[in-house]
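# Examining the three-dimensional arrangement
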Amino acid sequence: MILAEKTIVLRQHTFVLTNQRALFWKEAKSLVLSDLHLGKTAHFRKNGIALPSEIIEKDLQRLSDLTLHFQPQKLIIVGDFIHAGKNSEFNLFSEWKSQFPDLKIILVKGNHDRISKDKLYEIGVTEICEFHAEAHFIFSHEEVESKEKFTISGHIHPGIQMKTPVGRYVKFPSFVVTNSQLILPAFSSFTGLDTRNHPEKSSFYFFTEEGIYEL
């Protein structure tokens with residue numbers, strides 16, 4: 001894994017954005033991500049669409065690499081941890097969690113997280129909530145209005161579109177930051193990108209395999 005980092009300060013707290021689709025919150029010793037969509041490729045295969053199982057395996061390997069690098073005490077998943085019902089990818093995540101027995105996993109429920117809490121606890125989730133409030137921040141799958149706290153959310157799989165010198169357009173996943181909100185990119189590498197539905201007056205931190213860049 002080639003890890004590139006970009007440090008930003010929000011409400012006097014330090015967040016390290018990475019080109020691996022997650023961020024690290026230093027003061028809380030927390031790794032934060034959104035939209036893992038566990039089970040998505042298995043769901044497609046079950047419905048006759050041939051997709052390699054290596055997609056989720058590579059995503060979990062990135063998560064292992066990030067966990068080993070940052071040594072977080074908590075993993076905060078900001079929604080859409082699950083894509084569909086229980087399937088073979090649940091076992092993969094359970095095996096992944098066994099490598100980090102002391103890691104607390106807080107799941108903020110997203111629109112895809114419809115599976116029972118018991119099944120989530122079985123594979124290593126520690127806490128399940130609709131919103132998670134901590135320090136100056138509120139973690140929610142979708143944007144919420146809060147006069148006091150800064151929102152960290154996911155859901156829209158944000159990206160940007162750029163025109164190349166030869167006239168072609170390419171898309172890059174990105175973090176989106178405003179005065180009151182940070183929108184996380186989808187952690188799953190098997191997702192589309194929304195390049196239009198961004199808040200006004202946004203800053204973008206887009207990334208490639210080699211680096212992370214501010215726009």
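One structure accompanies this document, and this report is about it. (Residues numbered from 1 in each chain as written. Predicted model: local features only at pLDDT ≥ 70, side-chain atom pairs only at ≥ 80, totals over all residues. Heavy atoms only, no water.)

The number of helices and strands found in the protein is 4 helices and 15 strands. The C-alpha atoms of the protein give 17 Å as radius of gyration, which agrees with the globular expectation for 215 residues (17 Å, within 12%). Dimensions of the protein, computed from the C-alpha atoms along their principal axes, are close to 45 × 40 × 30 Å. Residues classed as buried in the protein amount to 53% of the 215 residues present. A fraction of 65% describes how many contacts in the protein between residues 6 or more apart in sequence connect residues 24 or more apart. Within the structure as shown, the protein displays about 10700 Å² of accessible surface, and the carbon and sulfur contribution to it stands at 47%. Put simply, the protein has 25 plus and 26 minus side-chain charges, and the middle of one group is 3 Å from the middle of the other. (Helix = DSSP H or I, 4+ residues; strand = E, 2+ residues; numbered from the N terminus. Rg over C-alpha atoms; globule rule 2.2 N^0.38 Å. Buried < 20%, exposed > 50% of the residue type's maximum accessible area, 1.4 Å probe, protein only. Contact = heavy atoms within 4.5 Å. Areas by Shrake-Rupley, 256 points an atom, 1.4 Å probe, with all protein chains shown as cover. Lys, Arg positive; Asp, Glu negative; His and termini not counted. Charge placed at Lys NZ, Arg CZ, Asp CG, Glu CD.)

Tracing the sequence through the fold places Leu 92 in helix 3 (residues 88–98). Overall, Leu 92 belongs to the partly exposed group, its relative accessible area being 25%. On a C-alpha basis, the gap between Leu 92 and Lys 201 in space is 40 Å, while along the polypeptide they are 109 residues apart. Ignoring anything within four residues of it in the chain, the contact list for Leu 92 reads Ile 56, Glu 57 and Leu 60.

What follows is about the packing of helix 2 (residues 54–70) against helix 3. Contact pair helix 2 / helix 3: the axes reach a minimum separation of 11 Å and the direction vectors enclose 15°. As summarised for this structure, helix 2 and helix 3 are arranged roughly parallel, according to the angle between their axes. Note on packing geometry: the crossing formed by helix 2 with helix 3 is right-handed. Here Ile 56, Glu 57, Leu 60, Leu 63, Ser 64 and Thr 67 of helix 2 lie close against helix 3, whose contacting residues are Glu 89, Leu 92, Phe 93 and Trp 96. (Axes fitted to C-alpha atoms, helices over the stretch in contact; angles between N-to-C directions. Parallel < 35°, antiparallel > 145°, perpendicular 65-115°, else oblique. Left-handed = near helix turned anticlockwise from the far one by under 90°.)

As summarised here, the arrangement of the 7 strands in space is 1-2-3-4-5-6-7, forming an open sheet in which the pairing is mixed. Strands with a single pairing partner mark the edges of an open sheet, and in this sheet they are strand 1 (5–10) and strand 7 (127–129). Taken pair by pair, the neighbouring strands of this sheet meet at an average axis angle of 20°, ignoring direction. Two elements, strand 3 (residues 23–25) and strand 4 (residues 30–33), share 3 bridges in a ladder whose sense is antiparallel. Bridge pairing in strand 4 links Phe 24 to Leu 31. (Pairing = 2+ DSSP bridges.)

Treat this as a map of the structure, not an account of what it does.
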